[in-house]
Amino acid sequence: MYNKKITIVIPAYNEDEVLMNSVYRLLNVQDQILEKYEAITTTNILIIDDGSNDQTWPIIERLHNENRQIGGLQFSRNFGHQAALIAGLNEAVKTADVIVTIDADLQDDPDKIIDMMDLYFNGCDIVYGVRNNRDSDSWFKRTTAQLYYRILQSLGVELVPNHADFRLMSKRAVVTLLEYSERNLFIRGIIPKLGFNYGEVDYKRTPRLMGESKYPLKKMLALAWDGITSLTVAPVRLILILGSLACIFSVGMLSYATILSLLGLTIHGWSSLMVSMWFIGGVQMISLGVIGEYVGKIMTEVKGHPRYTIKSILE
Ligand code: UDP
Ligand code: MG
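Since the model is a prediction, treat every value here as computed from it, not as a measurement.

## What about the UniProt feature "transmembrane region" (unreviewed entry) in the chain?
- Residues annotated by UniProt as "transmembrane region" (unreviewed entry) correspond here to residues 238-263 and 275-295.
- Taken end to end, residues 238-263 is 96% helix and 0% strand, and its first and last C-alpha atoms sit 37 Å apart.
- As annotated, residues 275-295 has a helix share of 100% and a strand share of 0%, and its two end C-alpha atoms lie 30 Å apart.

Following this line, the structure appears as structure tokens:
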């Protein structure tokens, strides 16, 4: 119960304008945590430099020299936000009991980490930071995000709406997450699969103070696409359904074309063309769908997700 360690993991890509300030603010939050919870005796900050080409790494080195509680990892090139998070979790879980991930720009309210800790001590292994409004987003980002989450949910992916990667996780939750070995990462779609008790903390997301978003449209679309294709094979099943519908339609077409041709209302060859077009089209789509089902099975096998997660063991 005692001597627990909390690590805050920060992915940073070209964040030299905000990093210093953010780290000082988080150190302050950690001091409050030390004061409030006797069980917490060690605090750490781990910054992952995701291949920045500005002063991000020199700043991390400087912070580390000032304060040994601050550590850093430097990627050889830009691997992306999700990869940086996984690398940070992988490193932090070696020593930490509680890990919080937060963006370097602190658009997510760092004071809420204290509320997250409350929930942790009340038995939550995962605490989601959930933004209660999207005022700080552009109209475009707001509507596309909302639409995207709705599509994902209708495809059967479990998600916490309005939650990104501001999150607290216990050691055992992180260990389980790391067993999910996919290369195409959409972490927020995996977390609800882990099980464990979870809680939510609401916060208001503020606009970025300095620098610009490191998520241009291209990266956003890539992440969104990974979310769909790595978490569900529903689109493949859609081909199968469409093909079956086309086949059924071809039967209707058969009777319709037969009647028309018996009544002498068609030109020669129309009926057979119409019927075979729908039928062949349908058969082809069904075949694609069946192949797709097997490809989908291969995908889930290759990912090698754990088949179950044990929460506790009594010995
Ligand atoms: N980030 C990263 N690698 C990337 C892009 C972003 O590590 O390739 C980090 C970035 O430094 C920040 C977090 O991911 O800490 C979220 O990025 P940002 O705040 O620019 O996204 P937005 O808030 O605009 O969605
Ligand atoms: Mg941001």
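## Re the packing of helix H3 (residues 81-92) against helix H6 (residues 171-178)
- One can describe the packing of H3 onto H6 by two numbers: an axis separation of 10 Å at closest approach and a directional angle of 125°. In terms of axis orientation, H3 runs oblique to H6. Handedness of the H3/H6 crossing: left-handed. For the pair H3 and H6, the contacting residues are Ile86, Leu89 and Asn90 in the first and Val174, Leu177 and Leu178 in the second.

## Focus on the site of ligand 1
- For ligand 1, the set of nearby residues contains 19 residues, the closest of which are Glu15, Asp105, Arg205, Ser213 and Lys214.
- Tyr13 places a polar main-chain atom, nitrogen or oxygen, 2.8 Å from an oxygen atom of ligand 1.
- In the model, an oxygen atom of ligand 1 is placed 2.9 Å from a nitrogen or oxygen of the Ala104 main chain.
- Taking 530 Å² as the accessible area of ligand 1 by itself, protein coverage stands at 95%.
- Of the residues in the shell around ligand 1, the class split is five nonpolar, five polar and nine charged.

## Points about the nonpolar core
- Ranked by internal contacts, the top residues of the largest apolar core, which has 39 residues, are Ile99, Leu177, Ile191 and Leu194.
- At six residues, H3 tops the list of elements feeding residues into this core.
- Once residues lying within four places of it in the same chain are set aside, the contact partners of Leu194 are Ile126, Met169, Ala173, Thr176, Leu177, Tyr180 and Thr309.

## A closer look at the environment of Val236
- By secondary structure assignment, the location of Val236 is in helix H9 (residues 234-262).
- For the pair Val236 and Leu288, spaced 52 residues apart in the sequence, the C-alpha separation amounts to 8.4 Å.
- Dropping the residues within four chain positions of it, Val236 is found in contact with Gly289, Gly292 and Glu293.

Calculation rules
- Residues numbered from 1 in each chain as written.
- Chains lettered and ligands numbered in written order.
- Predicted model: local features only at pLDDT ≥ 70, side-chain atom pairs only at ≥ 80, totals over all residues.
- Heavy atoms only, no water.
- UniProt positions renumbered as here; feature names shortened; annotations may be inferred.
- Helix = DSSP H or I, 4+ residues; strand = E, 2+ residues; numbered from the N terminus.
- Axes fitted to C-alpha atoms, helices over the stretch in contact; angles between N-to-C directions.
- Parallel < 35°, antiparallel > 145°, perpendicular 65-115°, else oblique.
- Left-handed = near helix turned anticlockwise from the far one by under 90°.
- Contact = heavy atoms within 4.5 Å.
- Near = heavy atom within 4 Å.
- Polar contact = N/O pair within 3.5 Å; in protein donor to acceptor, adjacent residues only side chain to side chain.
- Areas by Shrake-Rupley, 256 points an atom, 1.4 Å probe, with all protein chains shown as cover.
- Nonpolar A, V, L, I, M, F, W, Y, C, P; charged D, E, K, R; others polar.
- Core = buried A, V, L, I, M, F, W, Y, C linked by side-chain atoms within 4.5 Å.
- Buried < 20%, exposed > 50% of the residue type's maximum accessible area, 1.4 Å probe, protein only.

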